[in-house]
Amino acid sequence: MAGTHALATRIAFIVALALAAAAFGVEAPAAAPRPLTIAGANAAEERVVDWAIRRFGDAGLRNLPPLEIYVHRSHDDCDGGLGLYFAGRVDLCTKDSSEPYQRKFALHEAAHAWVEANVPREILRTFMQRQQVVAWNDRSLPWKERGTEQAAEIITWGLDEGEIAPLLPEVPPTATLASLYEMLTGRSPHHPPAA
Ligand SMILES: [Zn+2]
């Protein structure tokens, strides 16, 4: 009967969340725990992922969709790279990276999910025109020339502490980066931009 008990507990939890949402109205999603699963991470890696996810809320970027995050020991699980995002799943292969880069890649992959769920197509079109990007996600193009990667890099820059320059074909001045971040998110960068 353990299964029945677990199901009852889960239903009770869902009802509690629904009541909380009703009680707090539109403010509730910011305070409610975000559905998130993390697999394969050690304690330090889990802290990095938690930090990155919290950073979205702290910066006022609400509605980060539910994510399944897998932390790997080998780069093979990320097609030889440091991270992947696809359809609600994040893979991170940053075990050999320094902590600022671990944070950066966790932000970057989650930023893909945030953009996918929150940025209207019209704004993405304007963003691509301004960046002179011809395709949103054409994998035959170099990584830096894809709209989706540029958007994730700019959001990452705005959420991070400003110490790692975004990977763009040319890194624009801080004021331009801030305006691109604002175009995508409707908000100012989280860190105080350097003068
Ligand atoms: Zn990416």
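Residues numbered from 1 in each chain as written. Predicted model: local features only at pLDDT ≥ 70, side-chain atom pairs only at ≥ 80, totals over all residues.

Visitor: So what exactly am I meant to see when it comes to the overall build of the protein chain here?
Guide: When helices and strands are counted, the protein chain shows seven helices and four strands. Listed by position from the N terminus, the elements making up the protein chain come as α-α-β-α-β-β-β-α-α-α-α. Counting every position in the protein chain, which comprises 195 residues, the buried fraction comes to 29%. For the protein chain, long-range pairs separated by at least 24 residues make up 52% of all intrachain contacts whose partners lie at least 6 apart in sequence. (Helix = DSSP H or I, 4+ residues; strand = E, 2+ residues; numbered from the N terminus. Buried ≥ 20, exposed ≤ 12 C-beta atoms within 10 Å, placed from the backbone. Contact = placed C-beta atoms within 7 Å.)

Visitor: I tried to follow the confidence of the model for the protein chain on my own but got confused; where do I start?
Guide: Any region with low pLDDT has predicted coordinates that should not be read closely. Confidence in the prediction for the protein chain averages 85 pLDDT; 81% of positions are at 70 or higher. Residue range residues 1–29 is modelled with pLDDT below 50. Its contacts to residues more than four positions away, or to other chains, number seven contacts. (pLDDT = per-residue confidence, 0-100.)

Visitor: I tried to follow the packing of helix α6 (residues 147–159) against helix α7 (residues 174–185) on my own but got confused; where do I start?
Guide: The geometry of a pair of packed helices is captured by two quantities: the angle between their axes and the separation between those axes. It is at 9 Å that the axes of α6 and α7 come closest, and there the two elements cross at 105°. Classified by the angle their axes make, α6 and α7 are roughly perpendicular. Mapping the contact onto sequence places Ala151, Ile154, Ile155, Trp157 and Gly158 in α6 and Leu177, Leu180, Tyr181, Leu184 and Thr185 in α7. (Axes fitted to C-alpha atoms, helices over the stretch in contact; angles between N-to-C directions. Parallel < 35°, antiparallel > 145°, perpendicular 65-115°, else oblique.)

Visitor: What is the right way to look at α6 in this model?
Guide: Each full turn of the α-helix corresponds to 3.6 residues, which orients residues three or four apart in the same direction. With 13 residues, α6 ought to run about 18 Å at 1.5 Å a step, and its terminal C-alpha atoms sit 18 Å apart, in line with that. Along α6, 13 of the 13 residues are buried, which leaves the element largely enclosed by surrounding structure. (Expected span 1.5 Å × (residues − 1).)

Visitor: I'm lost on the sheet that holds strand β2 (residues 67–71) in this one. Help?
Guide: What holds strands together in a sheet is hydrogen bonding between their backbones, with the strands either parallel or antiparallel. Judged by pairing direction, the sheet is mixed, and its four strands sit side by side in the order β1-β2-β4-β3 without closing on themselves. Lying at the two open borders of the sheet, with one neighbouring strand each, are β1 (36–39) and β3 (83–86). Shown here is a sheet whose adjacent strand axes are inclined to one another by a mean of 15°, direction ignored. Those strands touched by helix α4 (residues 99–118) are β2, β3 and β4 (89–92), and its axis lies near 15° from that of β3. (Pairing = 2+ DSSP bridges.)

Visitor: What's the story with the nonpolar core in this structure? I'm lost.
Guide: The nonpolar side chains of a soluble globular protein tend to be buried with one another. Counting 32 residues, the largest nonpolar core has Ala106, Ala110, Trp114, Ile154, Ile155 and Leu184 as the members making the most contacts within it. Per-element accounting of this core gives the leading share, eight residues, to α4. Once residues within four sequence positions are removed from consideration, Leu184 is found in contact with Val115, Val119, Ile123, Phe127, Ala151, Ile154 and Ile155. (Core = buried A, V, L, I, M, F, W, Y, C linked by C-beta atoms within 7 Å.)

Visitor: Quick question: what am I supposed to make of the pairing of β2 here?
Guide: Successive residues of a regular strand alternate their side chains across the two faces of the sheet. Here β2 shows a clear split, with Leu67, Ile69 and Val71 buried on one side and none of Glu68 and Tyr70 buried on the other. Note that β1 and β2 share four bridges and pair parallel. Each bridged residue has a counterpart across the sheet, and for Thr37 the counterpart in β2 is Glu68. Bridging between β2 and β4 involves four bridges; their strand directions are parallel. What sits directly across from Ile69, in β4, is Val90.

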